[in-house]
Amino acid sequence: MTSYAVLLRAVNVGGTGKLPMAELREMCTALGFVDVRTYIASGNVALRSEDAADAVRGALEARLEQYAGRPVGVNVRTAEQMRAVLAANPFPDAPGNRAMVLFLDAPPPADALERVRGAADEQMVLGAQEIYVHYPSGMGTSRLRIPAAEHGTARNINTVAKLVAMLDEFDEHDGLDEHA
């Protein structure tokens, strides 16, 4: 059984895409996923499945489109991938709410940072399938636009760390079962 972090795009942000997390948990459980847990009302799920990541994403995208009447982007990462994202944070001294990870479906283009618009004091670094952004002055006043991340979804480092902790709990539980 594989542990996954599932990140929904444009859920419960600014009043659009309302999806109660209880309903999201029910959807995931009905699709056969186990140990389904959500974190804050912005489309973060930790779950386990026998299915590959692409199958998890496909099943949830189809169910969410039925629910919402429009496509809802779903990004799926294994526990190992999420740990690597957290470990690769190039801004470890930045407050966790001012360092963001933009999760993408594919590696960012090599010239992704050359195409940004509206940059002020933000710092950006390309990751494997992510773009890391530090907002020293906060996101609220930023005019930063990153075209390469248009179809991605962002989470701050605090949220990434919490999801990693939730996934670690699954792995710790598995370890206890194996030694019981």
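Think of each chain on its own: its residues are numbered from 1, step by step along the sequence as written. Local features are withheld for residues below a pLDDT of 70 in this predicted model, meaning they are given only at 70 or higher, and side-chain atom pairs are given and counted only at 80 or more; totals for whole chains, interfaces and linings count all residues. Side-chain numbers come from the whole structure's heavy atoms, not from hydrogens or water.

(A) Highlighting the overall build of the chain. The helix and strand inventory of the chain stands at 4 helices and 8 strands. In the chain, the order of α-helices and β-strands from amino to carboxyl end is β-α-β-β-α-β-α-β-β-β-β-α. The C-alpha atoms of the chain give a radius of gyration of 17 Å, which matches the 16 Å a tight globule of 180 residues would have. The C-alpha extent of the chain, read off along each of the three principal axes, is 50 × 40 × 25 Å. The proportion of buried residues among the 180 residues of the chain is 41%. Each helix is a run of DSSP H or I of at least 4 residues and each strand a run of E of at least 2, with the numbering of both proceeding from the N terminus. Our radius of gyration looks at C-alpha atoms and nothing else; its globule reference is 2.2 Å times the residue count to the power 0.38. A simple rule labels every residue: compare its accessible area, found with a 1.4 Å probe on the protein chains alone, to the largest value its type can have, and call it buried under 20%, exposed over 50%, or partly exposed in between.

(B) A look at the nonpolar core. Take the buried Ala, Val, Leu, Ile, Met, Phe, Trp, Tyr and Cys residues and link them wherever side-chain atoms come within 4.5 Å; each set so joined is a nonpolar core. Within the largest apolar cluster, 19 residues are counted, with the highest numbers of intra-cluster contacts made by Met82, Val85, Val101, Phe103, Val160 and Leu167. Contributions of two or more residues to this core are made by strand S1 (2-8), helix H3 (79-87), strand S5 (99-103) and helix H4 (157-179). A per-element tally of this core places H4 first, with 7 residues. Whether two residues are in contact is decided by their heavy atoms, any of which lying within 4.5 Å being enough. Not counting the four nearest positions on each side in its chain, valine 160 is found in contact with Met82, Val85, Leu86, Val101, Phe103 and Arg155.

(C) A look at the sheet that holds S1. One open sheet holds the 4 strands; their spatial order is S2-S3-S1-S4, and the pairing between them is antiparallel. Of all the strands in the sheet, just strand S2 (34-39) and strand S4 (74-78) have a single pairing partner and so form its edges. Across the sheet, the axes of successive neighbouring strands diverge by a mean angle of 20°, strand direction being ignored. Two strands qualify as a pair provided that DSSP identifies no fewer than 2 bridges between them. Here S2 pairs with strand S3 (residues 44-49) via 4 bridges, running antiparallel. Paired with valine 34 across the bridge in S3 is arginine 48. Note on geometry: axes are C-alpha line fits, over the in-contact stretch for helices, and angles between N-to-C directions span 0 to 180 degrees. On the sheet, helix H1 (residues 21-30) packs against S1, S2 and S3 and is oriented at approximately 160° with respect to S2.

(D) Molecular detail of H3. Looking at H3, one finds that the buried residues are Ala79, Met82 and Val85. For H3, the buried positions fall inside an angular range of 120° around the axis, keeping them on one side. Away from its buried face, by an angle of more than 90 degrees, H3 presents the exposed residues Glu80 and Ala87. An arc is given here, and it is the one of the directions from the helix axis to the C-beta atoms.

(E) The arrangement of the sheet that holds S5 in detail. Read from one edge to the other, the open sheet built from 4 strands follows the order S6-S7-S5-S8, with strand pairing classed as antiparallel. Because the sheet does not close on itself, it has two edges, and the strands there are strand S6 (123-126) and strand S8 (153-156). Looking at each pair of strands side by side, their axes are set apart by 20° on average, direction ignored. Relative to strand S7 (residues 130-134), S6 runs antiparallel, the two sharing 4 bridges. By the bridge assignment for S7, valine 125 is matched with tyrosine 132.

(F) Broad picture of the pairing of S5. With 5 of 5 residues buried, S5 lies mostly within the body of the structure. Of the two faces of S5, the one lined by Ala99, Val101 and Phe103 and the one lined by Met100 and Leu102 are each fully buried. As judged from the 5 bridges shared by S5 and S7, these two strands associate in the antiparallel manner. Opposite valine 101, over in S7, you have tyrosine 132 as the bridge partner.

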